[in-house]
Amino acid sequence: MSSALTDLFPLPIVQAPMAGGVSVPQLAAAVCEAGGLGFLAAGYKTADGMYQEIKQIRSLTTRPFGVNVFLPQPEYADPAAVDVYAHQLAGEATWYETELGDPESGRDDGFEAKLVVLRDNPVPVASFHFGVPSREVVDALHRVGTFVLAAATTPDEARAVERAGADAVIAQGVEAGGHQGTHRDVPETDGSGLGLLSLVAQVREAVGIPIVATGGIMRGGQIAAVLAAGASAAQLGTAFLATHESGAHALHKQALTNPLFVRTELTRAFSGRPARGLVNRFLREHGPYAPSAYPELHHLTAPLRKAAAKAGDAQGMALWAGQGHRMARELPAGQLVEVLAGELATARAMLAGGGAR
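Here the structure is a predicted model, which is why all the values come from computation and not from measurement.

What counts and what doesn't
- Residues numbered from 1 in each chain as written.
- Predicted model: local features only at pLDDT ≥ 70, side-chain atom pairs only at ≥ 80, totals over all residues.
- Heavy atoms only, no water.
- Axes fitted to C-alpha atoms, helices over the stretch in contact; angles between N-to-C directions.
- Helix = DSSP H or I, 4+ residues; strand = E, 2+ residues; numbered from the N terminus.
- Parallel < 35°, antiparallel > 145°, perpendicular 65-115°, else oblique.
- Left-handed = near helix turned anticlockwise from the far one by under 90°.
- Contact = heavy atoms within 4.5 Å.
- Nonpolar A, V, L, I, M, F, W, Y, C, P; charged D, E, K, R; others polar.
- Pairing = 2+ DSSP bridges.
- Salt bridge = Lys/Arg side-chain N within 4 Å of Asp/Glu carboxyl O.
- Buried < 20%, exposed > 50% of the residue type's maximum accessible area, 1.4 Å probe, protein only.
- Arc of directions from axis to C-beta.
- Right-handed = clockwise from strand over helix to strand, strands pointing away.

S.K.: Explain the packing of helix α4 (residues 79-88) against helix α14 (residues 296-310) to me, please; I cannot follow it from the model alone.
M.R.: Each packed pair of helices is defined by two parameters, the angle between the axes and the distance between the axes. For the pair α4 and α14, interaxial distance at closest approach is 11 Å and the crossing angle is 20°. The angle between the axes of α4 and α14 places the two elements in the roughly parallel class. The hand of the α4/α14 crossing is right-handed. In this structure, α4 contributes Val82, Tyr85 and Ala86 to the contact, and α14 contributes Glu296, Leu297 and Leu300. Each residue belonging to the contact of α4 with α14 can be placed in one class, and the counts come to five nonpolar, no polar and one charged.

S.K.: Got a minute to help me understand the sheet that holds strand β4 (residues 125-129) in this structure?
M.R.: In any sheet, the strands associate via hydrogen bonds between backbone groups, in a parallel or an antiparallel arrangement. Taken in spatial order, the eight strands line up as β1-β9-β8-β6-β5-β4-β3-β2 in an open sheet, and their pairing is parallel. Edge strands, defined here as strands with exactly one partner in the open sheet, are β1 (13-15) and β2 (39-41). Here the average twist between neighbouring strands, direction ignored, is 25°. Taken together, the four bridges between strand β5 (residues 147-152) and strand β6 (residues 168-172) define a ladder with parallel strand orientation. Bridging from a neighbouring strand, Ala152 pairs with Ala171 of β6. Contacting β1, β8 (211-214) and β9 (233-236), helix α10 (residues 220-228) runs over the sheet at an angle of about 135° to β9.

S.K.: How should the pattern of salt bridges be read in this particular structure?
M.R.: Two side chains that carry opposite charge are able to pair once their charged atoms sit near each other. Counted according to the given criterion, the structure contains 11 salt bridges. Its salt-bridge partner being Glu92, residue Arg281 comes within 2.7 Å of it at the nearest N-O pair. Highlighted residues: Arg281 in helix α13 (residues 281-286) and Glu92 in helix α5 (residues 90-95), separated in sequence by 189 residues. In this structure, Arg159 and Asp156 form a salt bridge, with 2.5 Å as the shortest nitrogen-oxygen distance. Here the residue Arg159 and the residue Asp156 both occupy positions in helix α8 (residues 155-163), the gap between them amounting to three residues, near one helical turn. Each of Glu92, Arg281 and Glu285 takes part in salt bridges that share partners, so that together they form one network.

S.K.: Quick question: what am I supposed to make of the side chain of His325 here?
M.R.: Along the chain, His325 turns up in the loop between α14 and α15 (333-352). Setting aside its immediate chain neighbours within four residues, His325 contacts Met218, Thr238, Leu256, Thr257, Phe261, Val262, Arg263, Thr264 and Leu278.

S.K.: Looking at this structure, how should I read the packing of helix α3 (residues 47-60) against helix α6 (residues 111-120)?
M.R.: Viewed as axis vectors pointing N to C, α3 and α6 meet at an angle of 30°, and their least axial separation amounts to 8 Å. In terms of orientation, α3 lies roughly parallel with respect to α6. Relative to α6, α3 is oriented so that their crossing is right-handed. Where α3 approaches α6, its residues Ala47, Met50, Tyr51 and Ile54 are matched on the opposing element by Ala113, Lys114, Val117 and Leu118. Of the residues assigned to the contact of α3 with α6, the class counts are seven nonpolar, no polar and one charged.

S.K.: Is there a simple way to explain α10 in this structure?
M.R.: Residue pairs three or four apart in sequence face the same way in an α-helix, which turns once every 3.6 residues. Within the span of α10, buried status applies to Gly220, Ile223, Ala224, Val226 and Leu227. Along the axis of α10, the buried residues cluster in a sector spanning 165°; they form a single face. In this fold, the buried residues of α10 make contact with β1, α9 (196-206), β8, β9 and α15. Two residues or fewer past α10, Gly230 is found with a positive phi of approximately 125°.

S.K.: Help me understand the pairing of β9, please; the structure alone is not making it clear to me.
M.R.: Along any regular strand the residues' side chains alternate between the sheet's two faces. With burial as the criterion, each face of β9 is covered, one bearing Ala233 and Gln235 and the other bearing Ala234 and Leu236. Pairing of β1 with β9, which is carried by three bridges, proceeds in the parallel orientation. Among the inter-strand pairings, Val14 is bridged to a residue of β9, identified as Gln235. Across three bridges, the pairing between β8 and β9 is parallel. Bridged to Val212 within β9 is Ala233. Crossover β8 to β9 through α10 is right-handed.

Here you go:
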């Protein structure tokens, strides 16, 4: 990674931006203070909500941090398919004593307003999910001193990120928890994503910009592995979801290691876009029938997810988690960074010495 960017955070550890209230300023600041790069998640927030969190993290740390933004999505959902799915969810609404959300609540996630905030109040790093920002957007952020990253799930997507002028690409393996950052939502390719190590190797040969590897990473030894494969840093989400500072619901944190939830699966059940979560009742019952319709289904199911959380029912919540969720450690975020750094140093020493003896 370019020295200018790596100078921002001494350890090759990035805390993934997790939307929905997980990546709160306290979490991101703790990671920054420990030597990693903490991220705020602007997804599903208003531009003012994002601005308030930027102000808050600046009151908690003087270290550089990042902000993640969702790109606007094209209109390709079939309204009839959304209506059918809404009819299927009527029983859920009755059970949780709530109404379904309005699927037409907005498509752009306040993108343009958030760009105005990021240009007027520059942050050290900005990353993008669900596509590639235009060259004009990248250039505008560069002019105010912001480093730009974007997610990719294939070598072709990584090339698109490089062409846009981004400073680095976030290579997201299929093991990752939460939403896959595919640039186009193609249902025919569901479940065919590349594993992280294979993806990093292919992206390394496809582009010349630095790589941040993400997907299922929970230990320092895994960080060493992706660095050896060609990445410049590792991004961890689920590992930080269980930390003390994380804004995740207590049931979500507990579910990561709860023996009731034995595996994860990519599903469209909650949002209409492929996302990896712990397999629970809602995912099993509705996942097979959920159409490709993001963000329509996200808006539609939002009241159900909120009501399930309020009722203390993890079986109705979106329990986003990566494949390594059973390795989650309930530690303060700063301590987790220190532990990961120690594990990374040990793994590197073993590699340098030819392995364990």
